[in-house]
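Spelled out from the first residue to the last, the chains are:
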Amino acid sequence: MTIQIIKTTPFDDQKPGTSGLRKSVKQFKKPDYLQTFVQAIFNTLDNIGGSTLILGGDGRYFNREAIQIILRMAAAAGFGRVILGQGGILSTPAASNLIRKYQAAGGIILSASHNAGGPEGDFGVKFNGPNGGPAPESMTEAIFAASKQIQEYHIAPIQPIPVDKLGSYELAGMKIEVIDSVSDYLALMETIFDFNKIAALLQSGKFKMRFDAMHAVTGPYAHRILEQRLGAPVGTVIHGQPLADFGGGHPDPNQAHAKELMNLLYARNSEIDFGAASDGDGDRNMILGKRFFVTPSDSLAVLAANATLVPGYRNGIAGVARSMPTSQAPDRVAAKLGLACYETPTGWKFFGNLLDAGKITLCGEESFGIGSDHVREKDGLWAVLFWLNLLAEKQDSVENIVRSHWAEYGRNYYSRHDYEEIELQDANVLVDALLGQLPSLAGKQFGALTVDKADSFTYTDPVDGSVSKNQGIRILFADGSRIIFRLSGTGTQGATLRVYLEKYEPDASKHDQDVQEALADLLAIAQQVARIEELTGREAADVIT
Ligand code: G16
């Protein structure tokens, strides 16, 4: 079959962000836009000939069209086989698992994660390498460089593949296997968690949970694992049908966007003991107890402290890692248990080397992502099953488990304030002004707080020595409190300024404060130092988590 060679001109905006290339659907639908980026990925790969590619996405608008285009381009590039999730559906962690399990050359995951979907929403493409993890910075740079050089892309002639039907197909000499999207992932979860104990808890009649799939990719996974395999009552999974526009919602599992779940758990007479949600592509999670929110940072710390209660980690964990803005709660666990602890820049790709080298077993980020060495992505349902396994072992409530954790390790009050869609130019002025102040901040007194150190975070990868600069501005106080400023790398409109606030409280009698009240002095300092209102016109954040 002849391969078509289509002449094209490069786009100048195909620089992958924190997690792949995210743009509006409108941008992705521009003639040749998707094709150029996919060709740029293929052009940076060695040894495609005959290898396997994993392909799937979160089911959002444009997923199906994009799948057909990528299949044709994969055939033209010389892949021997594409393993495709049924209906074009694969959660990000499930795709990571398939890459590892079937020794693929890599995978393309179609998702803009927690960003809104639909024709007016966002789309995204990310490439994961043979270890199953997001392409490291060296590769995303190479893809960007290749995208600027593209003069043509290669594509096999049209031959639509019936992606909804399980089975094997052939396209221009390439095999396409349409597989069940859930089975391999479920099998992996069964090797990690005590399914019998979790099933007993879920079927006891004394424990009620709700899992909010937010009309995104985890719907089929959660129905199958929680309801069908573990026997939780039907209705445990809400919003379980993936929709191209996520039902008009924002598939971001946090207190602001998972409103319905929050209302269920926070109702005065709520009968639900455990609530959880996941995002567009299934890698994020939110954990709730009855009228109780677990910060992702605390969640990572609790899982690390209790890991040996779970069969997959019974022999102990090698170490933990957290992204720099994530609270230091996990560090306290690591110190007490004598574990190695690493601080990386924001972005799951930075955990890959540590996981591959066996330096860490668990890792996580404040942005509602936690994971382990079972795949090379954060994993929403894995975190939910981990919590269920702990609840089944401890026979205690989420709130009690977290409160006893605080009593033992102290509490890291933590919150993130997001100022969304501010003018890019304003954001850059703010960041430059902050950078300019850094040398003069050390030693400065703000009320009861003294600045110990202020810098722009630089990370040196302990495995390959690569250096990543400008990964967030840190103001570190003498008492361990921190203010971090960063511009998001996942937004598609203007700039999002993230302000991360953290304060450590060792005294258990002070663990009942309102989070925002506990952090009010730090917020005031952040607003003052960064001149947020003056430079952006914003009095307060749009989203507070
Ligand atoms: C992505 C990355 C995460 C990162 C998050 C927020 O998550 O995979 O590592 O923490 O974005 O990034 P930013 O603060 O730059 O917006 P996801 O779930 O969107 O893929």
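Everything below is about the structure shown above.
Conventions we followed
- Residues numbered from 1 in each chain as written.
- Predicted model: local features only at pLDDT ≥ 70, side-chain atom pairs only at ≥ 80, totals over all residues.
- Heavy atoms only, no water.
- Core = buried A, V, L, I, M, F, W, Y, C linked by side-chain atoms within 4.5 Å.
- Buried < 20%, exposed > 50% of the residue type's maximum accessible area, 1.4 Å probe, protein only.
- Contact = heavy atoms within 4.5 Å.
- Helix = DSSP H or I, 4+ residues; strand = E, 2+ residues; numbered from the N terminus.
- Arc of directions from axis to C-beta.
- Pairing = 2+ DSSP bridges.
- Axes fitted to C-alpha atoms, helices over the stretch in contact; angles between N-to-C directions.
- Salt bridge = Lys/Arg side-chain N within 4 Å of Asp/Glu carboxyl O.
- Near = heavy atom within 4 Å.
- Polar contact = N/O pair within 3.5 Å; in protein donor to acceptor, adjacent residues only side chain to side chain.
- Nonpolar A, V, L, I, M, F, W, Y, C, P; charged D, E, K, R; others polar.

Peer 1: Tell me about the nonpolar core, and please be specific about residues and values.
Peer 2: Phe274, Leu362, Trp382 and Leu388 are the most contacted members of the largest nonpolar core, which totals 73 residues. Setting aside its immediate chain neighbours within four residues, phenylalanine 274 contacts Phe207, Lys208, Met209, Arg210, Leu265, Ile287, Leu288, Val384, Trp387, Leu388, Leu391 and Val398. Leu21, Tyr33, Ala40 and Ala75 belong to the second-largest nonpolar core, a separate cluster that totals 47 residues.

Peer 1: How would you sum up helix α7 (residues 195–203)? Please name residues and give values.
Peer 2: Within α7 the residues assigned to the buried category are Phe195, Ile198, Ala199, Leu201 and Leu202. For α7, the angular spread of the buried residues around the axis is 160 degrees, confining them to a single face. Turned more than 90 degrees off the buried face of α7, the exposed positions are Asn196 and Gln203.

Peer 1: Hey, could you go over the sheet that holds strand β24 (residues 473–477) for me, with residue numbers and the actual values?
Peer 2: Ordered by their spatial adjacency, seven strands build an open sheet running β20-β21-β24-β25-β26-β19-β27, and the pairing between neighbours is antiparallel. The strands lining the two open edges of the sheet, one partner per strand, are β20 (445–446) and β27 (543–544). Of the pairings in the sheet, the one linking β24 to strand β25 (residues 482–487) comprises four bridges and is antiparallel in character. From the neighbouring strand, arginine 474 faces β25, where its bridge partner is isoleucine 484.

Peer 1: Give me the sheet that holds strand β14 (residues 292–294): which residues, what numbers.
Peer 2: Judged by pairing direction, the sheet is mixed, and its five strands sit side by side in the order β11-β10-β12-β13-β14 without closing on themselves. Every interior strand has two partners, whereas the edge strands, β11 (237–238) and β14, have only one. Bridge analysis of strand β10 (residues 209–212) against β11 gives two bridges, and the strand direction is parallel. Among the inter-strand pairings, phenylalanine 211 is bridged to a residue of β11, identified as valine 237. In the packing of helix α13 (residues 380–394) onto the sheet, contacts are made with β10, β12 (274–278), β13 (285–289) and β14, and the angle to β12 comes to roughly 165 degrees.

Peer 1: Give a detailed account of the pairing of strand β8 (residues 167–171), specifying residues and quantitative values.
Peer 2: The side chains of a regular strand alternate between the sheet's two faces. Both β8 and strand β9 (residues 174–179) contribute to a ladder of five bridges, which runs antiparallel. Residue pairing for β9: glycine 167 is matched across the bridge by valine 178. Connecting β8 to the antiparallel partner β9 that follows it, the hairpin turn spans two residues, and alanine 172 within it adopts a positive phi of roughly 45 degrees.

Peer 1: Quick one: what's the story with the pattern of salt bridges, residue by residue and with numbers?
Peer 2: This structure, assessed with the given rule, holds 37 salt bridges. Between aspartate 455 and lysine 453 there is a salt bridge; the shortest N-O distance is 3.9 Å. Assessed through its relative accessible area of 39%, lysine 453 is described here as partly exposed. Several salt bridges converge on common partners, so that one network encompasses Arg322, Asp331, Glu343, Lys453, Asp455, Arg474, Arg482 and Glu502.

Peer 1: Please set out the site of the ligand residue by residue, giving values where relevant.
Peer 2: Among the 19 residues in the neighbourhood of the ligand, the closest are listed as Glu365, Ser488, Gly489, Thr490 and Arg498. In this structure, an oxygen atom belonging to the ligand sits 2.9 Å away from a main-chain N or O atom of tryptophan 348. Measuring from an oxygen atom of the ligand, one finds a side-chain N or O atom of arginine 498 at 2.6 Å. Split by residue class, the shell around the ligand holds one nonpolar, ten polar and eight charged.

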